[in-house]
Amino acid sequence: MSAIGKVSLRDNILQRGQRKERGKLLVFNHAVLLVLTAFAVIPLLVLAFNSLKTELEIGQNPLGPPTRIVIENFPTAWEEGDFAITMRNSVIYVVATIAAELVLGGLAAYALARKKPPGSDLLMLYFLIASTIPVWMYIVPLFVQMRMMKMLGTFHGLILIYIAGNAPLTIFLLRSYMIDLPRELEDAARVDGANEFQVLTRIVLPLTKPGFLTVGLVVGLGVWNEYTLALTFVHDPNRFPVTTSFAKFVDRFDTNWALTSAGAIIILFPVMVLFLALQRQFIEGLAEGGIKT
Amino acid sequence: MAVLAQKKPTTIFEKLADETWRRKFLRNVLIPWLFIAPLLIIHIFVVAIPAVQGVYMSMTDWGGINPNVNFIGLENYHKLLFEDHSFGKSLNNNINWMLFFLTVPFILALFCATMLSQIKRGGMIYRSILFIPYVLASVVTTTIWKNLLNPKDGILATTARALGIEGFEVAFLGRTDTALISIAFIDNWHFWGFLMILFLASMQSIPPVLYDAAKIDGANRWEEFRHVTLPGIRPIVLFMFMMVAIWSFLAFDYIWLITQGGPGGASEVIATQLYKNAFQRFEAGYAAAQGVVISIFAGFIILVFVMLRRRGWDI
C-alpha cells in the first residue's frame, strides 16, 4: 500500500512539475512560431494587398493594406496575361497527366504488388536508379528526340514527359499502399466468384483510394507549378501553361506590381483553395512523396 | 501423383502445347507484364534512352541542329574541367548553394519542428500555415520576392527607412556580391517548411517514454534534444542531407527566373550554363557533357552515403 502510494505521489509531483514547465515554455514556443508564421505569411499578405491597389498607391504605400480596394487589376491581368488560354492549357496538362499516371501507375503497381511476375525486382531496381537520374542528364537528347518525332511543343509531348517523370514516385507509393492491403479480402471475393478485373475494381481500388488521392495531389501540384520542362519543350504561346506564360508576363510588366501581383494571385488561387480543403492529404502526401523520390 | 509428374512439360514446345501451363503463364507472367508495359515504355522513351544517348552525345562536337557530327572522345570534358573558367565559377556557386541549403533550412527546420512538437493545441494551424510557401509555384514565389527586395519600395528598404537605418536601399538581386545568396534566401523561404514537416513527423513518432526517462534522469532541454530527439530523427535528417546535397547541383528555376545567372555570371550555376549552351548557343555536345558531370556529382553523393551506411553509420 505504502509503496503504491509513494509511486503515485511521485508521479503526481512529476506531472505537476512537467505541466508547470510546459506552461512556461509554451510562451517561448508560441513566440518563436508566431515570428516564423509571420515570415511565411507577410509576403503573401503584401502580394494580396498589392493586387488590390492602383499602381499609384503602391508607390506611396508599398506594403500596407489598400486604402481603397480596386479589383481592375484582375481583369486587366487576365486579359494581358492570356490567362483564358494558359489556364485552360494548364488544366489540360494537369488533368491528362493525373489521369494517365493513375491508370497506368495503378495497373503497374497492382501487377508488382500482387502478381510479382518474374523480373519484378529488376524493374523496381530500374525505377529506383531512374529516380536518381537528374533531368539535366537527358534533357538535351530528349529535346532532339522530341523534335525528330514531331512532339516538340505539343500537348501530348509534354504530358508524356510529365508522366515519365512522376512514374517512379507513383509506382513506389501505390505499390506500398497495395502491399499493405490484406490479401484475404481479395481471396474472399474470388471465392464468391469475382473475376480478376472485379477484384481490382471492386476491392483493391476502393480500399487504396487514399493512395490514389495522394499521388493525384502530388502529381497535380507538381505539374501545375512546373516551369523548367515547360520552358524547354513548349514554345508556342497557344500551348503555354500558366507558369512559363506568367514568367513572360512578369518580364513585360516588370515594374507594374499591381498587375503582376494580380497575375500571381490568379495562379496560386486554385492551389490555395485545394490546399485549404485538403490540408492533411496535401501535407502528408508531399512529405511521403518527398521521401520516396 | 506419378501420372501428374510424368505429364509435367519440360521443353518450351511441350510447355506451349500444355493448356494448364499456358493459362498459368498468361495469368502469372504475360498479363502482369502487360499491366506494367505502358508506363515502363513511356519511361524508357523519355528517360532511359535519352540518358544513354546523352553519354554518347557528350563525346561529340554536335551543335544540335546541323547533321555534322564528329566523335571527339573526352575532349568536351577536358575543355569543361581545364579550359572553361566559367564552369569552375559555376561549380563554385553550386557548392556555395549547397553549403547554404545544408545549413540554413536544416537549422531553421530543426528548431521550428522542436518548438512545434511540444505544442498540443494549435499545432495543426501552425503546421498548415508554415507549409503554405511550399505549395507555391516558383514563378509566384520569385515574383513576390522580386517586388519585396526592390531597392526603392521593397520590404527591407521601406522598413529600414522607417526605422531610420541606412544602407538597405540596395538592389540585392542586381549586385554581384548579393545576387546568389538572395536567390538562395528566396528559394529557402519556399523550401524550409517542407523540411520542417518531415522532421516534425519523425519527432512525433519518437516514443514519449524516452522523454519521460530523460526527465527522470534529470536531463535539461538541450540534453533532451541532443540525446533523445536527435537520435530519433537521425535517419530522416541524414537522408534529407543527401537529397538536398543532390538537389543543390540541379538548381535551376529560381535562378533562371530571377537573374538568368547574372549579373556578370555572379549567380551562374551548372544547370543555367547547360541550358544556355544547349538552347541558346547551340552546343549540344558540350551541354550534354555538363549534364553527365551533374549526374556524376549526384551519383558520387549517393555513393558516399551508401558507403557511410555500410560502415555502420546506421542511416
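The rules we used
- Residue indices begin from 1 for each chain and proceed along its sequence in written order.
- Here every chain gets a letter starting at A, and every ligand a number starting at 1, in the order they are written.
- Totals for whole chains, interfaces and linings use all residues, but because this is a predicted model, local features are given only for residues with pLDDT of at least 70 and pairs of side-chain atoms are given and counted only at 80 or more.
- Neither water nor hydrogens contribute to the side-chain values; these are computed over all heavy atoms in the structure.
- Numbered from the N terminus, helices here are DSSP runs of H or I no shorter than four residues, and strands are runs of E no shorter than two.
- C-alpha atoms define the radius of gyration, and 2.2 Å times the number of residues to the power 0.38 defines the globule rule.
- Only heavy atoms enter the contact rule, under which two residues are in contact if any of them lie within 4.5 Å.
- Surface accessibility in these figures is a Shrake-Rupley result with a 1.4 Å probe; residues are shielded only by whichever protein chains are displayed.
- Here the positive residues are Lys and Arg and the negative ones are Asp and Glu; neither His nor the chain ends is included.
- Lys charges are placed at NZ, Arg charges at CZ, Asp charges at CG and Glu charges at CD.
- Between buried and exposed lies partly exposed: a residue is buried under 20% and exposed over 50% of the maximum accessible area for its type, with that area taken using a 1.4 Å probe on protein chains only.
- Once two parts are joined, some of their accessible surface, as seen by a 1.4 Å probe, is lost; buried area is that loss totalled over both.
- Salt bridges are defined as contacts in which a side-chain nitrogen from Lys or Arg sits within 4 Å of a carboxyl oxygen from Asp or Glu.
- Definition of a polar contact: a pair of N or O atoms within 3.5 Å, with one able to donate and the other able to accept a hydrogen when the atoms are protein atoms, and with sequence-neighbouring residues admitted only if both atoms are side-chain atoms.
- A residue's pLDDT is simply how confident the predictor is in it, with values from 0 to 100.
- Between the rings of Phe, Tyr and Trp (Trp by its six-membered ring), a pair exists once the centres lie within 6.5 Å; its type follows the angle of the planes, with under 30 degrees stacked, over 60 edge-to-face, and the other angles tilted.
- Lines are fitted to the C-alpha atoms to define the axes, a helix being fitted only along its stretch in contact, and any angle between axes, read from their N-to-C directions, falls within 0 to 180 degrees.
- Here is the rule for angles: anything less than 35 degrees is roughly parallel, anything more than 145 is roughly antiparallel, 65 through 115 is roughly perpendicular, and the remaining ranges are oblique.
- Whether a crossing is left-handed or right-handed is set by the direction in which the near helix is turned from the far one by less than a right angle, anticlockwise for left-handed and clockwise for right-handed.
- Note on residue categories: nonpolar means Ala, Val, Leu, Ile, Met, Phe, Trp, Tyr, Cys or Pro, charged means Asp, Glu, Lys or Arg, and polar means any other residue, Gly included.
- Throughout, nonpolar core names a set of buried Ala, Val, Leu, Ile, Met, Phe, Trp, Tyr and Cys residues whose side chains join them through atoms within 4.5 Å.
- What the arc describes is the spread of directions from the helix axis to the C-beta atoms.

**Some details on the overall build of chain B**
A count of helical and extended segments in chain B gives 14 helices and zero strands. The C-alpha atoms of chain B give a radius of gyration of 27 Å, which is well past the 20 Å a tight globule of 315 residues would have. Structurally, chain B occupies a C-alpha span of about 100 × 70 × 35 Å along its principal axes. For chain B, long-range pairs separated by at least 24 residues make up 65% of all intrachain contacts whose partners lie at least 6 apart in sequence. In the form shown here, chain B has an accessible surface area of approximately 15800 Å², with 66% of it arising from carbon and sulfur atoms. In chain B, which carries 25 positive and 20 negative side-chain charges, the distance between the mean positions of the two groups comes to 11 Å.

**Observations regarding the overall build of chain A**
Along chain A, the regular secondary structure elements total 14 helices and zero strands. Expected size for 293 residues packed as a compact globule is a radius of gyration near 19 Å; at 26 Å, chain A overshoots this value by more than 25%. Projected onto its principal axes, the C-alpha coordinates of chain A cover approximately 80 × 65 × 40 Å. Taken across its 293 residues, chain A has 50% of its residues classed as buried. In chain A, once contacts between residues fewer than 6 apart in sequence are set aside, the share between residues at least 24 apart is 71%. One way to put it: in chain A the 25 positive side-chain charges average out to a point 9 Å from where the 22 negative ones average out.

**Things to note about the interface of chain A and chain B**
The interface of chain A with chain B comprises 97 residues on the first partner and 93 residues on the second. Looking only at chain A, the three residues that lose the most surface to chain B are Trp-136, Met-137 and Trp-257 of chain A, adding up to 9% of its buried area. The interface formed by chain A and chain B holds zero salt bridges in total. One can count eleven residue pairs in polar contact (both at pLDDT 80 or more) joining chain A with chain B.

**Describing helix H7 (residues 138–148) of chain B**
Counting buried residues along H7 of chain B, ten of its eleven residues qualify, which places the element largely inside the surrounding structure. The complete set of buried residues in H7 of chain B reads Ser-138, Val-139, Val-140, Thr-141, Thr-142, Thr-143, Ile-144, Trp-145, Asn-147 and Leu-148 of chain B.

**Focus on the confidence of the model for chain A**
Residues at a pLDDT of 70 or more form 90% of chain A, whose mean pLDDT is 87. Predicted confidence for residues 1–21 of chain A stays below pLDDT 50, and this span has five contacts to residues more than four positions away or in other chains.

**Regarding the confidence of the model for chain B**
Residues with a pLDDT of 70 or more make up 96% of chain B, whose mean pLDDT is 89. The complex model carries a pTM of 0.89, and its ipTM stands at 0.90.

**Digging into unusual backbone geometry**
Cis geometry is adopted by the peptide bond preceding Pro-263 of chain B, which originates at Gly-262 of chain B and carries an omega value of -10°. Its place among the elements puts Pro-263 of chain B in the loop between helix H12 (253–258) and helix H13 (270–279). Residues other than glycine seldom take positive phi values, yet Lys-116 of chain A does so here, at roughly 40°. Position of Lys-116 of chain A relative to the elements: it lies in the loop between helix H4 (83–115) and helix H5 (120–130). Within the chain, Gln-260 of chain B stands out as a residue other than glycine whose phi angle is a positive 55°. If you trace the backbone, Gln-260 of chain B turns up in the loop between H12 and H13. Classification of Gln-260 of chain B as partly exposed rests on a relative accessible area of 37%.

**Let's talk about the packing of aromatic side chains**
All names here are of chain A. Applying the stated criterion across every chain yields a total of 33 aromatic pairs over all chains. Where Phe-83 meets Phe-249, the ring centres are 6.4 Å apart and the plane angle is 65°; that geometry is what we call edge-to-face. A residue pair is termed long-range when its members are at least 10 positions apart, and Phe-83 in helix H4 and Phe-249 in helix H12 (residues 242–252) qualify at 166 residues. When sorted by exposure, Phe-83 lands in the same class as Phe-249, which is buried. Their ring planes at 65° and their centres at 5.6 Å tell us that Phe-275 and Phe-282 sit as a pair that is edge-to-face.

**Let's talk about the environment of Asn-50 of chain A**
All names here are of chain A. With respect to the secondary-structure elements, Asn-50 resides in helix H1 (residues 2–51). Using a relative accessible area of 2% as the deciding quantity, one classes Asn-50 as buried. It is 24 Å that separates the C-alpha atoms of Asn-50 and Tyr-227, two residues lying 177 residues apart in sequence. Not counting the four nearest positions on each side in its chain, Asn-50 is found in contact with Ile-58, Pro-62, Asn-73, Trp-257, Ala-258 and Ser-261.

**Some words on the packing of helix H7 (residues 155–179) of chain A against helix H3 (residues 19–57) of chain B**
Where H7 of chain A contacts H3 of chain B, the two axes come as close as 9 Å, and the packing angle between them is 120°. On the basis of the axis angle, H7 of chain A is oblique to H3 of chain B. The chirality of how H7 of chain A crosses H3 of chain B is left-handed. The segment H7 of chain A lies against H3 of chain B, with Leu-160, Ile-161, Ile-163, Ala-164, Ala-167, Pro-168 and Ile-171 of chain A engaging Leu-39, Ile-42, His-43, Phe-45, Val-46 and Val-47 of chain B. Considered class by class, the residues forming the contact of H7 of chain A with H3 of chain B number twelve nonpolar, one polar and no charged.

**What about the nonpolar core?**
Judged by nonpolar contacts, the single largest core of 186 residues is most densely connected at Phe-233 of chain A together with Leu-130, Phe-131, Val-139, Met-196, Phe-199 and Met-240 of chain B. When sequence neighbours within four positions are dropped, the list of residues in contact with Phe-199 of chain B reads Phe-106, Ala-109, Leu-110, Ala-113, Ile-233, Ile-236, Val-237 and Met-240 of chain B.

**Some points on the side chain of Ser-90 of chain A**
All names here are of chain A. Summarising the element assignment, Ser-90 is placed in helix H4. In this structure Ser-90 comes out as buried when scored by relative accessible area, which is 2%. The residues touching Ser-90, leaving out its near neighbours within four places in the chain, are Trp-224, Pro-241 and Val-242.

**Overview of helix H10 (residues 208–216) of chain B**
All names here are of chain B. For H10, the full list of buried residues reads Tyr-211, Ala-214 and Lys-215. For H10, the buried positions fall inside an angular range of 100° around the axis, keeping them on one side. Within two residues after H10, Gly-218 carries a phi angle of roughly 80°, on the positive side.

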